[in-house]
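Report on the structure
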Amino acid sequence: MGAPIIFSGIQPTGRKHLGNYIGAIRQYVEGQERGAPAIFCIVDLHAISVACEPAELRERLYDTMAILLAAGLDPERCILFRQSDVHEHTELTWLLSAVTAHGDLNRMHQFKEKSAEQRQLVSAALFFYPVLQAADVLAHRATEVPVGEDQRQHIELIREIARRFNERFGETLVEPEHRIPAVGARIMDLQEPERKMSTTGAAEAGTVYVLDGPAAIHKKLGGAVTDSGREVVRAPDKPGVANLIEILAVARGVDPTEVEVEFAAAGYGDFKQAVAEAVVELLAPVRERYAELRPDEAALEATLAAGAEKARTIASRTLAEVRDRMGIGAPR
Ligand code: TYM
């Protein structure tokens, strides 16, 4: 098999947290060494599926862009762009909706969860969200999609959409594989370890942000909910401790079993202290680099524009073929 075509997307909403970093962003950085190409997209059109302030959306987009660059994405080695800059994605969304089952969209866990959270409006965009995500991936003929565990069902649906398109219109689209890390695919909230770490609806104390400084990180990890007992082991009745073991393993780049062995005789206090130190070390370089990059919005825009141009070249080729296969527009 040749080099993978890697694609992933990240929302510009909220503040990026340790779950995003461990589950996704670090995989993007690794992916740019292997991908030919590796393509990463800040999905502002997905963000508007729930209520958001226009000015705030722009700010968060720059925040996200600066975090990705600070984490190590290099526009010389990957394609990094803003979804709304490449109109091909939205047109492809509509075309793909013709081969997407309404019933499949209705089954999406994320739609069910997010629609239950909305107080005022459950938008049709929230329902359509996975079709836009499919267009993102399929437009670039990606073979590999690095994501956290919560995106597994969306990637399955993308494969189903590609399959149905190809069956009906002939071999055109590529069925992508998800790439979900073995450790750290589902980082849990520090205060409620039964729910995943996320920016919506969670207490501040349960979420470590990528831009948190050492004091905040020590406070949040020191106050993390652990479980009864004293042992540092992964067990079904110890979701809090298991989560911290995974975080430490990823931060140190070791196997979780090594963490269990090292802390076999330690108490929770020492263990949490070690996790905090490792997370500080993991995130400090990102935070420092971010502080340098974030103020120069013109430079961020220039990088986004260059990325969009490259992404458009790829996506427009796929779109032209899809239109042609479907009998849309003048014959080619
Ligand atoms: P988003 O912006 O919610 O999340 C970005 C990435 O972070 C991962 N993630 C986590 N990983 C581990 N533990 C957690 N607690 C955690 N929370 C989030 C997510 O799995 C994701 O990989 N629908 C996507 C964005 C998207 C996309 C795409 C992804 C749009 N188009 C095409 C892949 C391909 C989303 O909302 O991600």
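In this text the structure is predicted, and so the values were computed from the model without any measurement.

**Quick look at the site of the ligand**
The environment of the ligand is formed by 28 residues, the closest being Gln11, Tyr129, Asp136, Asp150 and Ile187. Within the side chain of asparagine 20, an N or O atom sits 3.1 Å from an oxygen atom of the ligand. A distance of 2.9 Å separates a nitrogen atom of the ligand from a polar atom in the side chain of glutamine 133. Burial of the ligand by the surrounding chains reaches 96%, relative to a free accessible area of 710 Å². Only β1 (6–10), α1 (18–34) and α7 (124–139) provide two or more residues apiece to the shell around the ligand. For the shell around the ligand, the class distribution of residues is 11 nonpolar, 12 polar and 5 charged.

**A few points about empty space enclosed by the protein**
Taken as a whole and assessed by the stated rule, the structure comprises 1 cavity of 30 Å³ or more. The calculated volume of the largest cavity comes to roughly 50 Å³. Every residue lining the largest cavity is listed: Met108, Gln110, Phe111, Lys114, Leu126, Tyr129, Pro130 and His154.

**As for the domain arrangement of the protein**
Interfaces are often described in size by the accessible area the parts lose on coming together. Under the domain assignment used here, the protein contains domain 1 (6–179 + 296–326) and domain 2 (204–291). Just the C-alpha atoms count here: the centres of domain 1 and domain 2 sit 30 Å apart. With 12 residues of domain 1 at the interface, the matching set in domain 2 holds 14 residues. Across the domain 1 to domain 2 interface the summed buried area is about 1,200 Å²; carbon plus sulfur atoms make up 77%. Of all residues in domain 1, Arg15, Leu18 and Tyr21 give up the largest surface area on contact with domain 2, accounting jointly for 43% of the area buried on that side. Counting every contact that joins domain 1 to domain 2 gives 1 salt bridge.

**So, the packing of aromatic side chains**
Per the stated rule, a full pass over the model turns up 4 aromatic pairs. Summarising the aromatic geometry, the rings of tyrosine 28 and phenylalanine 40 are spaced 4.7 Å apart at their centres and angled 25° between planes, so their arrangement reads as stacked. Of this pair, tyrosine 28 sits in helix α1 while phenylalanine 40 sits in strand β2 (residues 38–42), and the two are 12 residues apart along the sequence. Phenylalanine 40 matches tyrosine 28 in its accessibility class, with the two residues each being buried. Aromatic side chains phenylalanine 111 and phenylalanine 127 sit 5.1 Å apart centroid to centroid with 75° between the ring planes, which places their arrangement in the edge-to-face category. Highlighted residues: phenylalanine 111 in helix α6 (residues 109–117) and phenylalanine 127 in helix α7, separated in sequence by 16 residues. For phenylalanine 111, a relative accessible area of 16% gives the class buried.

**Description of α6**
For α6, every residue scored as buried is listed here: Gln110, Phe111, Lys114 and Ser115. Burial along α6 is one-sided: seen end-on, the buried residues are contained in an arc of 120°.

Each value, and the rule that gives it
Residues numbered from 1 in each chain as written. Predicted model: local features only at pLDDT ≥ 70, side-chain atom pairs only at ≥ 80, totals over all residues. Heavy atoms only, no water. Near = heavy atom within 4 Å. Polar contact = N/O pair within 3.5 Å; in protein donor to acceptor, adjacent residues only side chain to side chain. Areas by Shrake-Rupley, 256 points an atom, 1.4 Å probe, with all protein chains shown as cover. Helix = DSSP H or I, 4+ residues; strand = E, 2+ residues; numbered from the N terminus. Nonpolar A, V, L, I, M, F, W, Y, C, P; charged D, E, K, R; others polar. 1 Å grid on protein atoms, 1.4 Å probe; cavity = no way out; pocket = protein on both sides within 12 Å on 5 of 7 lines; lining within 4 Å. Points joined across faces, edges and corners; volume = space filled by probe spheres on them. Domains from an automatic or database assignment. Contact = heavy atoms within 4.5 Å. Buried area = accessible area lost by both parts, 1.4 Å probe. Salt bridge = Lys/Arg side-chain N within 4 Å of Asp/Glu carboxyl O. Phe/Tyr/Trp six-rings, centres within 6.5 Å; stacked < 30°, edge-to-face > 60°. Buried < 20%, exposed > 50% of the residue type's maximum accessible area, 1.4 Å probe, protein only. Arc of directions from axis to C-beta.

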